[in-house]
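Report on the structure
Take a look at the letters that make up each chain.
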Amino acid sequence: EAQVTQNPRYLITVTGKKLTVTCSQNMNHEYMSWYRQDPGLGLRQIYYSMNVEVTDKGDVPEGYKVSRKEKRNFPLILESPSPNQTSLYFCASSLTYNEQFFGPGTRLTVL
Amino acid sequence: GQQVMQIPQYQHVQEGEDFTTYCNSSTTLSNIQWYKQRPGGHPVFLIQLVKSGEVKKQKRLTFQFGEAKKNSSLHITATQTTDVGTYFCAGQSGAGGTSYGKLTFGQGTILTVHP
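Residues numbered from 1 in each chain as written. Chains lettered and ligands numbered in written order. Predicted model: local features only at pLDDT ≥ 70, side-chain atom pairs only at ≥ 80, totals over all residues. Heavy atoms only, no water.

Our focus in this paragraph is the sheet that holds strand S3 (residues 19–25) of chain B. All names here are of chain B. As summarised here, the arrangement of the five strands in space is S1-S3-S8-S7-S6, forming an open sheet in which the pairing is antiparallel. The open sheet is flanked by strand S1 (4–7) and strand S6 (55–58), the only strands paired with a single partner. Each neighbouring strand pair of the sheet contributes to a mean axis angle of 15°, computed without reference to strand direction. Here S1 pairs with S3 via four bridges, running antiparallel. Within S3, the residue paired with Gln 6 across the bridge is Cys 23. (Pairing = 2+ DSSP bridges. Helix = DSSP H or I, 4+ residues; strand = E, 2+ residues; numbered from the N terminus. Axes fitted to C-alpha atoms, helices over the stretch in contact; angles between N-to-C directions.)

Right, dumping it as structure tokens:
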């Protein structure tokens, strides 16, 4: 089944404790992206990747890192999480930068 | 940077009434996409508009892209309870290179349909 998977789905952590949210797609898509969703703000793009080893900043990249070593994986790294990074995170992938397939989301709480 | 404003933020309708949500971009877009997110779910792609003045229909849904490629609308005719959810527009700029991958979402319109 074609899908985008994210892990973990839920995470509660404490300020400063490094964490990684994984994202994987099995559709051989070149384009992948991370978003955060906050009430009243819609989806805001954090980072995106047009292909392996090619990443670029979205609108809200501060406090986040990404890597794209393989086509199928695009992990989101929070080196030192802070409470303002509490949010719902979505990973998405696309074959040609148009129709994006979203993962199920990761709900992160930073205490 | 590019901004995409979407209104209204909330819309409550009676089943059978029509619904429209509007998006306005601060810059000219190369294309605009629309997504629907059911409560507790993830966004699901509905459609992409590319051409100036383009109009596309999907059953009761009508999508329009403005002549200047800076605004767009989604109209639902005779809403049903299955239409409940948040509708997002997302604009993509026409700049070349890697910036083409940048996608800016509107804030979304939360649609409630009362039976």
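After that view of the structure, there is still more to cover.
Moving on to the packing of aromatic side chains. Tallied over the full model, the rule gives twelve aromatic pairs over all chains. Three or more aromatic residues joined by ring pairs make a cluster, and in this case those are A:Tyr35, A:Phe90, A:Phe102, B:Tyr35, B:Phe45, B:Phe88 and B:Phe105. The cationic tip of A:Arg68 hangs over the ring face of A:Phe74; the distance from NZ or CZ to the ring centre is 6.0 Å. (Phe/Tyr/Trp six-rings, centres within 6.5 Å; stacked < 30°, edge-to-face > 60°. Lys NZ or Arg CZ within 6 Å of the ring centre and 35° of its normal.)

This paragraph deals with the environment of B:Pro39. All names here are of chain B. Within the fold, Pro 39 resides in the loop between strand S4 (29–37) and strand S5 (44–49). Each C-alpha atom of the pair Pro 39 and Gly 85 lies 5.8 Å from the other, and the pair is 46 residues apart in sequence. Apart from the residues lying within four places of it in its own chain, the contact partners of Pro 39 are Val 84 and Gly 85. (Contact = heavy atoms within 4.5 Å.)

In this section: the interface of chain B and chain A. Contacts between the two partners involve 22 residues from chain B and, on the opposite side, 23 residues from chain A. Between chain B and chain A, roughly 1,800 Å² of surface is buried when both sides are summed, and carbon and sulfur atoms account for 55% of that area. Across the salt bridge formed by B:Lys102 and A:Asp59, the nearest N and O atoms sit 3.2 Å from each other. Seen at the junction of chain B and chain A, the total is four residue pairs in polar contact (both at pLDDT 80 or more). Going through the elements one at a time, S4, S5, strand S9 (85–93) and strand S10 (103–105) of chain B are the ones with two or more residues in the side of chain B that touches chain A. Grouping the constituent residues of the side of chain B that touches chain A by class yields seven nonpolar, 14 polar and one charged. (Buried area = accessible area lost by both parts, 1.4 Å probe. Salt bridge = Lys/Arg side-chain N within 4 Å of Asp/Glu carboxyl O. Polar contact = N/O pair within 3.5 Å; in protein donor to acceptor, adjacent residues only side chain to side chain. Nonpolar A, V, L, I, M, F, W, Y, C, P; charged D, E, K, R; others polar.)

The next point concerns the sheet that holds strand S7 (residues 65–66) of chain A. Residues and elements named next belong to chain A. In space, the four strands of this open sheet follow the order S1-S3-S8-S7, with antiparallel pairing throughout. Looking at strand neighbours, the two that pair on one side only are strand S1 (4–7) and S7, the edges of this open sheet. By the bridge criterion, four bridges tie S1 to strand S3 (residues 19–25) in an arrangement that is antiparallel. From the neighbouring strand, Asn 7 faces S3, where its bridge partner is Thr 22.

Another aspect to go through is the pairing of strand S9 (residues 87–94) of chain A. All names here are of chain A. In terms of burial, S9 is a largely internal element, eight of the eight residues being buried. Here S9 shows no split at all, with Ser 87, Tyr 89, Cys 91 and Ser 93 on one side and Leu 88, Phe 90, Ala 92 and Ser 94 on the other all buried. Relative to S9, strand S4 (residues 31–38) is paired through seven bridges, and the arrangement is antiparallel. In the strand pairing of S9, Trp 34 is matched with Cys 91. Where S9 and strand S11 (residues 106–110) come together, three bridges link them in antiparallel fashion. Bridged to Tyr 89 within S11 is Thr 106. Sheet topology note: the S9/strand S10 (residues 101–102) ladder contains two bridges and is antiparallel. Paired with Ser 93 across the two strands is Phe 101, which belongs to S10. As consecutive antiparallel partners, S9 and S10 are separated by six residues, and within that stretch Tyr 97 has a phi angle of approximately 60°, a positive value. (Buried < 20%, exposed > 50% of the residue type's maximum accessible area, 1.4 Å probe, protein only.)

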